[in-house]
Structure formats: C-alpha cells, structure tokens
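Structural overview for review
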Amino acid sequence: MADKKAIVIFGATGDLAQKMIYPSLYFLESEGHLPPDLMIAGFARTHADDQGFIAQTRKDVMDNAGTLFSEDVWSRLAARMHYCEGDVTVPKTYAPLVKLLEGVTVCVYYLSTSPNFFATIACQLKEAGLAHGGARIAVEKPIGRDLVSCREIESALDETFGDDRVYRIDHYLGKETVQNLIALRFANTLFEPLWNRASVDHVQITVAETIGVERRWSYYDSYGALRDIVQNHLLQLLCLIAMEPPSDLDPDSVRNEKVKVLRSLRPIGAGDVERQTVRGQYRKGVSEGVAVPGYTEETGGSASDTETFVALAAHIDNWRWSGVPFYLRTGKRLAARTTEVVVQFREVPHYIFPRSDMIANRLTIRLQPEEEISLQIMNKAPTLEAMRLKPLALDLNLSDAFKKQRRRIAYERLLTEALKGNSFLFVRRDEVEMAWKWIDDIIDGWKEKDMKPLPYSAGSWGPSSAFALTERNGHSWYE
Ligand code: NAP
C-alpha cells in the first residue's frame, strides 16, 4: 500500500509561510510534483477553521502567482488543506493534529516559527506520538542565537527525532544559482586550476537589501545582520566557493568539505574586530526614490544597538586560500538589492600593454535580482591607435538561457527534497555549530571593545568604514 503523506506547517499564518511556502506548494501542485495523497496542514494560534485558512491562503497564493494563478490548480491544492488552531506550548492543542494525522506514515513537520519554539514543538510532537519513524522535522534558520542556544535546540531535536531526520533549512541552498556554483566549479575544467591563492586576489560576497526591517522588527532587533544573514547564507556561499572538490554528490561528501572550510576560518576575536569588521545601523534617507525612516524610528523611536549592516574581512587558513581575503557584506536599506559573489583574479605578472588600460579578470556570479554569471576579460579596442585595450564581459544570463522555464522559488526544491527524505540541500548539525562558534567570537569581540553600530543613510552602501575595510588592502567593493 502507498504511504499516506502529510506536511504540517507550524507558523502557518506567518510571513514566511504566506510569502514562500504556500506559493511553492501551489507551483509544485501545478506541475504535478506533489505526491497524490499528500495532506497539507497549517498550525497557528490565529482563530480559523479549514475554510478560513484556505481563503486566506488563496489570497497569499494569488498575490504571488499573479497571472500564473489557475482556479483548477487552486482547487486541487485547497482539497489537500486543513487547519489546526493551537498554541505550540500547550500540550492539549496537539490532539486535533493527532486525529488529523491518523494513518499518515510519512510526515514532514515544517517549523516556520521563532527558533524559541523549535525544542518545545519537537518535544510536544514526541509526547503526542507524532515523532514516529516516518516523521521528519524541518527547521528554518537561524537555529538559536548563539552556539549555546543552538546546542540546546539540537539536543532536543536529536532526542526526539534523531539527527538523520532533522532537515535544517538555509533557503539559499534551494536556489538554482547556488546549486549552479557547484556545477560551475566542478563540471568545467576552466576554473578549477585557477581557483586558489596563486590566481585569485580576493573574493567578495554581498547580500544587499533595499527594504528595511519593518514588520520583522521585534525578531530582527534581537538578532541583527550578523546572526540573521552572515551566520547562515553568507557562510554557506563562502563554503561553496572555497571548498575542495567533493569525491561525489553524496550529501555527506559535500557537507564534509563545507565543514573543513568552516574549521579553517580564522577566528575574529576582540583583538581583530576593530580592523576586520564594521557594524552599521541605517538612519533615515531615500531608498529607491522614497523617503524612509531610520531603523530606530520604525517602531516609534526605540533605542537599539542592533546592527542592520555588517562587513567583514575573513581569512581561510589552508593551502588553497592562505593570504586571500574573503570580504563579506550584508545590510538592509542599502543602495541596491543584489546578492552576488565576485572572484577577483590577480593582475597579469608582466605588462606588455599600457598598464592604465589593464583590469584584472573578474568572475561575477549574481543570484539576485537576475541570475547571471559574467566573466570580465580584456580585449583590444577597435581603434586606429596602437594596441588599446578595453574590458568586456562574457555574459551568461541564466534567465535568457532557460527562458521557457519559470524561475522557481527556492522552497519548491527544498520541500520536494524534504518530502523525499533527501538531505543533500540541507545543512548538517556540525556546519551550523561551527558557524555559530565563529560568529560568537565576533559578537564577544564587539562586546569587549564596546563596538556600537555606525550610522549610515538609508539608500547608501553602508558606513564609510566599510570602504576603508577593503581599501586598506588595496581593494574596493564592486557595486
Ligand atoms: P512570523 O511572521 O512572526 O510568524 C510566526 C508564526 O508563528 C505565525 O504564524 C504565528 O502565528 C506563529 N506562532 C507564534 N507564536 C505561536 C504559538 N505560541 N503557538 C503557535 N503558533 C505561534 O515569522 P516568519 O517571518 O514567518 O518567520 C518564521 C521563521 O522563519 C523564523 O524562524 C524566521 O527566522 C525564519 N525565516 C523567515 C524569513 C522571512 O522572510 N520571513 C526568511 C528566512 C527565515 P499566530 O500568531 O497565528 O499564532
């Protein structure tokens, strides 16, 4: 007999569920990728019944799908949906869920809630008899807010579900372009011989947003940019860029290589934070042509020392990368929305052309707003003058190359893999813990040196010290 399957979304009325999870399930339904007997259940405190939940979700999906919305697909998805009203901390509210899941043999519990609830939910599911062998638990980043709280959550997940049934989500790993980093490096012979300290001058990784914190203020204020973005997304990108070739695509082969990179990251402690890190917080300014308030004005003027911007100069102490700076930068209310990795190659060893014309090769891998890969190379300019050079880009626009294909939401792939029980795109416990260890050192250093965030205007590229961070090594950020 075929397995009866279910996905239960805790935090069913939240921002992430509405913006990402329901639209992803809708698109999977539209392409026939959901298992035929999959049930979808939402769990949250908001008072609603199945019909109320379905009506709200319909709006969320319509907003996202736009012209791709189809009544036919929607009615198929709606027929799978149920709602359980309850407070995750109250044991008796799990009873309706137990009833709903009767006969379900494969189940993914997706915790789209504050990490403060992860351990409680896992324990309550176990108490209710819902952590059986066919059950998996998927948790959103960040797992905890430091190494100690992360370990507490991890122990609870391990005791209730067992480590092999825990799926830690960093949705960047579900993005096509991020998976493409692995293909770019290990399915082409061009780059790998150059991918080391002999040819690479430095690497820049930027995750820049134009939006402010707004509705997520209370969550964000207790985390800040370092914990919210660097601990997970930026370090995952850094690992994929810096790791050694894995022997195969087995989940553990890739994750073993990522852990080695995290292990080789040079700690940034109190003695280094002032030289190697910059913290910032946005003040009022103009973002995308609109006047916007500063961070602390967004909730009516609460004082805060939380950073909304961070820039770091990281070093990987191993043979491949010794001496190559990895600059990491992220922030809210910056001048543009972009996520990109820039691999800056070294200059030629000897100049036979005018030195002023020469610009070293640069590989840009852009994840947002467009997915594209661009290699800047030097060319002869078509002039009458003796050899004058001009840099030109070899562009690979992935949206154009695959224009018949819809750009997928990262969560579509992650939900599919979690339902299949394939952990390739999920983060392993030692990766998360290693990343927190590195982040905790920086936070302790900030505390010891009393390093407060520097102000920057909304709509700019962060505090001026972020420019000094790269310039002192003779480098500059690409914008
Ligand atoms: P959110 O909008 O604040 O939603 C929180 C959800 O938890 C709501 O559905 C809320 O519903 C529910 N909830 C709160 N207390 C509860 C309780 N005691 N019992 C039952 N349900 C409860 O948060 P979010 O932005 O969706 O984020 C969810 C998680 O995803 C967080 O871990 C966040 O860090 C992570 N994440 C979010 C984003 C994003 O873009 N939003 C991106 C990446 C990761 P009720 O009020 O109805 O109970």
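Residues numbered from 1 in each chain as written. Predicted model: local features only at pLDDT ≥ 70, side-chain atom pairs only at ≥ 80, totals over all residues. Heavy atoms only, no water.

Comments concerning the overall build of the chain
What counts, and what does not: In DSSP terms, a helix is any run of H or I states spanning at least four residues, a strand is any run of E spanning at least two, and both are numbered starting from the N terminus. For this measure, only C-alpha atoms enter the radius of gyration; the expected value for a globule follows 2.2 Å times N^0.38, where N is the number of residues. Whether two residues are in contact is decided by their heavy atoms: any pair within 4.5 Å suffices. Just so you know, the count uses Lys and Arg for positive and Asp and Glu for negative, and it drops His and the chain ends. Charge placement uses NZ in Lys and CZ in Arg. For Asp and Glu, CG and CD serve respectively.
Helix and strand counts for the chain come out as 15 helices and 17 strands. The C-alpha radius of gyration of the chain comes to 24 Å, within 12% of the 23 Å expected for a compact globule of 479 residues. Each principal axis of the C-alpha atoms in the chain carries an extent, and together these give about 80 × 50 × 45 Å. When contacts within the chain are restricted to residue pairs at least 6 apart in sequence, long-range pairs at least 24 apart make up 77% of them. In the chain, 58 side chains carry a positive charge and 65 a negative one; their mean positions are 2 Å apart.

Focus on helix α3 (residues 71-78)
The condition is simple: Each residue gets one of three labels from its accessible area relative to the maximum for its type: buried under 20%, exposed over 50%, partly exposed in between, using a 1.4 Å probe on protein chains only. What the arc describes is the spread of directions from the helix axis to the C-beta atoms. Definition of a polar contact: a pair of N or O atoms within 3.5 Å, with one able to donate and the other able to accept a hydrogen when the atoms are protein atoms, and with sequence-neighbouring residues admitted only if both atoms are side-chain atoms.
Among the residues of α3, those classed as buried are V73, W74, L77 and A78. Angular distribution of buried residues about the axis of α3 spans 130°; they occupy a single face of the element. In this fold, the buried residues of α3 make contact with α1 (15-30), β2 (39-44), α2 (50-65) and β3 (81-85). Sitting at the head of α3, S70 places a side-chain oxygen 3.2 Å from the backbone nitrogen of D72.

What to know about the pairing of strand β7 (residues 200-208)
Stated formally: Strands qualify as paired when DSSP identifies two bridges or more between them.
Taken across its 9 residues, β7 has 8 buried, putting it largely inside the fold. Where β7 and strand β13 (residues 338-345) come together, 8 bridges link them in antiparallel fashion. Directly across from V203, in β13, lies its bridge partner V343. With 6 bridges joining them, β7 and strand β12 (residues 326-331) adopt parallel strand pairing. Its bridge partner lying in β12, I205 is registered against L328.

Structural notes on the site of the ligand
Under the convention used in this document: Throughout this document, a residue counts as near a molecule or strand when at least one of its heavy atoms sits within 4 Å of that molecule or strand. Shrake-Rupley sampling with a 1.4 Å probe provides the accessible areas, and residues are treated as covered by the protein chains on show and by no other component. Residues are sorted three ways: Asp, Glu, Lys and Arg are charged, Ala, Val, Leu, Ile, Met, Phe, Trp, Tyr, Cys and Pro are nonpolar, and all the rest, Gly among them, are polar.
In the vicinity of the ligand there are 22 residues, among which T13, D15, R45, T46 and T113 approach most closely. Between D15 and the ligand, the recorded distance is 2.8 Å, taken from a side-chain N or O atom to a nitrogen atom. Between the ligand and K19 there is a distance of 3.4 Å, counted from an oxygen atom to a side-chain nitrogen or oxygen. If the ligand stood free it would expose 890 Å²; the protein chains cover 82% of that surface. In terms of residue count, the dominant contributor to the shell around the ligand is α1 (3 residues). For the shell around the ligand, the per-class residue count stands at 8 nonpolar, 7 polar and 7 charged.

Some remarks on the sheet that holds strand β8 (residues 277-283)
Selection rule: Only C-alpha atoms enter the line fits that serve as axes; for helices the fit covers just the stretch in contact. Angles between N-to-C directions range over 0 to 180 degrees.
An order of β16-β15-β14-β13-β7-β12-β11-β8-β17 is seen for the 9 strands of this open sheet, with the pairing classed as mixed. Looking at the sheet topology across the chains shown, the edges are occupied by β16 (389-397) and β17 (454-457). Direction aside, neighbouring strands of the sheet carry axes that sit 20° apart on average. Against the sheet, helix α9 (residues 224-242) contacts β7, β11 (309-314), β12, β13 and β14 (362-368), and its axis sits at roughly 145° relative to β12.

Topic: the domain arrangement of the chain
Inclusion rule: Segmentation of the chain into domains, including their bounds, is taken from an automatic or database domain assignment.
Per the domain assignment, the segments making up the chain are domain 1 (5-140) and domain 2 (173-352 + 427-471). Computed over C-alpha atoms only, the centres of domain 1 and domain 2 are separated by 32 Å.

Observations regarding the packing of aromatic side chains
Selection criterion: Think of it this way: a Phe, Tyr or Trp ring, Trp meaning its six-membered ring, pairs with another when their centres are within 6.5 Å, and the plane angle makes it stacked under 30 degrees, edge-to-face over 60, tilted otherwise. In our convention, an over-ring charge means Lys NZ or Arg CZ found within 6 Å of a ring centre and within 35 degrees of that ring's normal.
For the coordinates displayed, the defined rule picks out 20 aromatic pairs. Between Y219 and Y223, the aromatic rings sit 4.6 Å apart at their centres with planes inclined by 25°, giving stacked as the arrangement. An identical accessibility class is assigned to Y219 and Y223; each is buried. With a centroid separation of 5.8 Å and 80° between ring planes, the pair formed by Y282 and Y295 is classed as edge-to-face. On the criterion of sequence distance, the pair formed by Y282 in strand β8 and Y295 in the loop between β10 (290-292) and β11 is long-range, its members being 13 residues apart. Each member of the pair, Y282 as well as Y295, is classed as buried. One aromatic cluster is present, formed by W217, Y220, Y282, Y295, F309 and Y456 through successive ring pairs. Above the ring of Y223, the side-chain terminus of R145 is found at 5.9 Å from the ring centroid.

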